[in-house]
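Close look at the chain arrangement
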Amino acid sequence: MRQSQLFTKTRKLAPADEVSKNAQLLVRAGFVHKEAAGIYSFLPLGLRVLNNIVRIIREEMNTIGGQELSMSALQNAELWKKTDRWEQDVWFKTELKAAGETGFGWTHEEPITHIASQYVSSYRDLPFAAYQIQTKFRNEERAKSGVMRGREFLMKDLYSFHADQADLDAFYEKATQAYRNVFSRVGLGERTFITFASGGAFSKYSHEFQTLCSAGEDTIYISREKNIAINKEVLTDEVLADLGIERTSLEEAPAVEVGNIFKLGTRFSEPLGLSYTDAEGKKHPVVMGCYGIGPSRLVGALVETLADEKGLVWPEAVAPFKYHLVSLGHDGDDVSKAADTLYDDLTKADVEVLYDDRDLRAGEKFAESDLLGIPKRIVVGKESVATGEFEVVDRATGKVEKKSRVEVLAQ
Ligand code: ATP
Ligand code: MG
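Residues numbered from 1 in each chain as written. Chains lettered and ligands numbered in written order. Predicted model: local features only at pLDDT ≥ 70, side-chain atom pairs only at ≥ 80, totals over all residues. Heavy atoms only, no water.

**Some remarks on the layout of surface pockets**
- Considering only enclosed or pocket space, the second largest pocket measures out at about 190 Å³ in volume.
- Every residue along the wall of the second largest pocket is listed here: Thr10, Arg11, Lys12, Arg28, Glu364, Ala367, Glu368 and Leu371.
- For the lining of the second largest pocket, the leading source of residues is helix H10 (residues 362–372), giving four residues.
- Class assignment for the residues of the lining of the second largest pocket results in two nonpolar, one polar and five charged.
- No fewer than three residues from each of domain 1 (3–306) and domain 2 (323–410) sit in the lining of the second largest pocket. (1 Å grid on protein atoms, 1.4 Å probe; cavity = no way out; pocket = protein on both sides within 12 Å on 5 of 7 lines; lining within 4 Å. Points joined across faces, edges and corners; volume = space filled by probe spheres on them. Helix = DSSP H or I, 4+ residues; strand = E, 2+ residues; numbered from the N terminus. Nonpolar A, V, L, I, M, F, W, Y, C, P; charged D, E, K, R; others polar. Domains from an automatic or database assignment.)

**Notes on the site of ligand 1**
- Around ligand 1 lies a shell of 14 residues, among which Arg138, Glu140, Arg149, Gly150 and Glu257 are the nearest.
- Interatomic distance of 2.9 Å between a backbone N/O atom of Val258 and an oxygen atom of ligand 1.
- When isolated, ligand 1 has an accessible area of 590 Å², and the protein chains bury 82% of it.
- Elements supplying a minimum of two residues to the shell around ligand 1: strand E8 (152–162) and strand E13 (251–265).
- The element best represented in the shell around ligand 1 is E13, accounting for four residues.
- Partitioning the shell around ligand 1 into residue classes produces five nonpolar, four polar and five charged. (Near = heavy atom within 4 Å. Polar contact = N/O pair within 3.5 Å; in protein donor to acceptor, adjacent residues only side chain to side chain. Areas by Shrake-Rupley, 256 points an atom, 1.4 Å probe, with all protein chains shown as cover.)

**Some thoughts on the environment of Thr347**
- Mapping Thr347 onto the fold places it in helix H9 (residues 334–348).
- Along the sequence, Thr347 and Gln75 sit 272 residues apart, while their C-alpha atoms lie 44 Å from each other.

**Quick notes on the pattern of salt bridges**
- Tallied over the full model, the rule gives 32 salt bridges.
- A salt bridge links Glu140 to Arg149; the shortest N-O distance between them is 3.1 Å.
- With relative accessibility at 17%, the residue Glu140 sits in the buried group.
- Take Arg149: its relative accessible area is 18%, and that puts it in the buried class.
- With a closest N to O distance of 2.7 Å, Asp308 and Arg395 form a salt bridge. Separated by 87 residues along the polypeptide, Asp308 in the loop between helix H8 (295–306) and strand E17 (323–327) and Arg395 in the loop between strand E20 (389–394) and strand E21 (400–404) bring together distant segments of the chain.
- One network of salt bridges, in which partners are shared, links Arg55, Glu59, Glu60 and Arg185. (Salt bridge = Lys/Arg side-chain N within 4 Å of Asp/Glu carboxyl O. Buried < 20%, exposed > 50% of the residue type's maximum accessible area, 1.4 Å probe, protein only.)

**Observations regarding the sheet that holds E21**
- Across the sheet, which stays open at both edges, the five strands sit in the order E18-E17-E19-E20-E21 with mixed pairing between neighbours. The strands lining the two open edges of the sheet, one partner per strand, are strand E18 (353–356) and E21. Looking at each pair of strands side by side, their axes are set apart by 25° on average, direction ignored.
- Of the strand pairs in this sheet, E17 and strand E19 (residues 376–380) are connected by five bridges, and their pairing is parallel. Note that in E19 the partner of His324 across the bridge is Arg377.
- Of the strands in this sheet, E17, E18 and E19 are in contact with H10, which crosses E17 at around 170°. (Pairing = 2+ DSSP bridges. Axes fitted to C-alpha atoms, helices over the stretch in contact; angles between N-to-C directions. Contact = heavy atoms within 4.5 Å.)

**A word on the packing of aromatic side chains**
- This structure, assessed with the given rule, holds 14 aromatic pairs.
- Where Trp80 meets Trp91, the ring centres are 4.7 Å apart and the plane angle is 85°; that geometry is what we call edge-to-face. Here Trp80, found in helix H3 (residues 77–81), pairs with Trp91, found in the loop between H3 and strand E5 (92–96); they are eleven residues apart in sequence, far enough to count as distant.
- Among the residues examined, Trp80 registers a relative accessible area of 0% and is labelled buried.
- Given the relative accessible area of 5%, Trp91 is considered buried.
- Where Phe104 meets Phe137, the ring centres are 5.2 Å apart and the plane angle is 55°; that geometry is what we call tilted. (Phe/Tyr/Trp six-rings, centres within 6.5 Å; stacked < 30°, edge-to-face > 60°.)

Below, the structure is given as structure tokens:
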């Protein structure tokens, strides 16, 4: 992509009312546009990052057998009344013309259970797992954490369906591992802890995945020895005894919840009539689990934890482009020509590259390049024409290497 054609530009200032570091940087770099507090549009660069995260999540969900679907955002009130969740104040509610109350989905246990009830009748129909990656709507009270707390945000929600608890338990383990894989692949593995959090009627705990982050709204207590954490909300002597952890060994830290997995048991299958008959013809409610993760929150968490004073810093796996090719040439001179040629070569080799082909001062280009945070910057200057070598600068470490065209293309 030629930067001269990119419709977004970097900006000197973020919106005056924006308090979060992630949104300030993402807006300044032209990755997102702020519509209102907690409401952001993803622009081309931001969408590339979001899509990379989504791709990783999708691969991991497919690996554990998840089947992708897409449920409606508009939700029928009657269904949610059956589970006593229509009265929650998280809803954005509206009226359908001549058809009554409806709301914008903020999670999808009810509709997926209802849909499953149309297809599941026998033990032979189980187990299965289905997921979607879809926009959720929540009328969040406070929306001051940028894309980490949207009123409209992307969620991956997977639901699993089982004949019994043992089968759910086995799948839950697989899902836990898939979640670990997601966080390590997006570059947050080392700072993300599986965290004991409040459960429900059917399990004592749920498990959150909490990423250490000074802007996070949660407080967790980490046991380094066991490599787990406990959410402050459930930190009691009983929990510590359950987990065999001494209170004095815990380390308190702010964190952001990036994922949450939950054993639902029959919380939804009973009220919504999702059941199956076993081999002896006996009827049982289906046992369920749910597994959520916030791709757009992950974008924010990556910015909060990795950005530096110069701007964004993306890990390669999620970066909008692998290379930022910066030409220091002017008006079709030899430097511009050398940069054009390298851009064509990279594009032909299917390497994702943003090419700063604009006629601007070097200092200005480098400052913008730092703000965008693409992992490697290739600089084409006068020396490149003379020596055939390019300066390759690592955004995260600032390390500079000289590379030939062949070396650049071989990466
Ligand atoms: P929180 O406690 O932060 O409000 P939650 O427990 O209500 O989150 P879940 O219902 O468990 O969230 O949603 C699953 C995942 O969706 C969360 O782990 C998080 O990654 C993401 N998520 C939830 N709310 C938001 C939001 N307002 N903006 C962006 N992502 C969100
Ligand atoms: Mg949660």
